[in-house]
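The lines below spell out each chain.
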Amino acid sequence: MLRTSASRVLDDSDRDEVLALLDTDPVANVFVASRVRSVGLNPARLGGQMWGFGPRGALVSLCYAGANLVPINAGPEAVHAFAERARKQGRRCSSIVGPAEAVGRLWERLEPHWGRARAIRWAQPVMATAARPPVPADPLVRRVRPEEFETLLPACVAMFTEEVGVSPNLGDGGALYRTRVSELIRIGRSYARIEGGRVVFKAEIGAVTPQACQIQGVWVHPDLRGRGYAVSGMAAVVEAALDCFAPLVTLYVNDFNHSARAVYRRVGFREVDTFMSVLF
């Protein structure tokens, strides 16, 4: 029988305890840990709330509730508490994402109240590497320059639409997405091979902590797929990530994307966990 312990909204006074919990699994928690390290726990800066389960000084679990709903170290009792808060608050997120077991339990409790999802990615292997790639890196993959924003943006939109199933330009006309793409370029975490004004390959390092960083947005121009650009491009990005950002590089991928998984394995990634995503 589940206890009815409630979750609570955390604030900056909980920051050290939150980071200590996040750091127990730097791969699974890299996205949320990166956000907390950057802006703290004030909802206005964080872009959402951080919910905690467990008393002050003895936090057991967390749940980031922003554009994504992300359970962290959440067992059955914590999932119950987070689901109750999410149900009462109403759906504000565009996805639920995180460790497959916790997300599955959370969605089982929320689906009767939130309705059908647009798509469910039941198994998304989480992959990681701490080693230099065993294949040659593409020497033409480099950091994208600010003046190349308009060249890169269509490739980013194409990648997002292909991966998620909807365009990032819906809703606000793409304003938030444009801001995020621009920000990653500005801080030197957007990489691409650009030839003749065309993006051949691109990827971003979307989250960074002292322990790990996460690659996202991997894309090769459709006319150029199958020619090895993904392998050499990813090798270049992994080398840059290890040199400039963190000692461990991670990403997650849909289980049905066999070609991408094969690319990542060739670059040195190994599967270490499984995520699940519920998309609205």
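Below or above, wherever it landed, is the structure these notes cover.

**Re the overall build of the chain**
Consideration 1: Per the secondary structure count, the chain includes 9 helices and 12 strands.
Consideration 2: Its C-alpha atoms give the chain a radius of gyration of 19 Å, near enough to 19 Å, the size a compact globule of 280 residues would have.
Consideration 3: Reported as C-alpha extents along the three principal axes, the dimensions of the chain are approximately 60 × 35 × 35 Å.
Consideration 4: Across the chain, contacts joining residues at least 24 apart in sequence account for 69% of those joining residues at least 6 apart.
Consideration 5: For the chain, the accessible area works out to roughly 12,900 Å², and carbon and sulfur atoms hold 52% of it.
Consideration 6: Mean positive and mean negative side-chain charge positions of the chain (34 and 28 charges, respectively) differ by 2 Å.

**Some remarks on the side chain of Ser232**
Consideration 1: Relative to the assigned elements, Ser232 resides in helix H8 (residues 229-244).
Consideration 2: For Ser232, the residues in contact, after removing those within four places along its chain, are Pro136, Ala137 and Asp138.

**Let's talk about the pairing of strand S6 (residues 119-129)**
Consideration 1: Counted residue by residue, S6 has 8 buried out of 11 residues, so it is predominantly covered.
Consideration 2: Examined bridge by bridge, S6 and strand S11 (residues 249-252) share 4 bridges and lie antiparallel to one another. Residue pairing across strands places Met127 opposite Leu251, the latter belonging to S11.

Rules used in this analysis
- Residues numbered from 1 in each chain as written.
- Predicted model: local features only at pLDDT ≥ 70, side-chain atom pairs only at ≥ 80, totals over all residues.
- Heavy atoms only, no water.
- Helix = DSSP H or I, 4+ residues; strand = E, 2+ residues; numbered from the N terminus.
- Rg over C-alpha atoms; globule rule 2.2 N^0.38 Å.
- Contact = heavy atoms within 4.5 Å.
- Areas by Shrake-Rupley, 256 points an atom, 1.4 Å probe, with all protein chains shown as cover.
- Lys, Arg positive; Asp, Glu negative; His and termini not counted.
- Charge placed at Lys NZ, Arg CZ, Asp CG, Glu CD.
- Buried < 20%, exposed > 50% of the residue type's maximum accessible area, 1.4 Å probe, protein only.
- Pairing = 2+ DSSP bridges.

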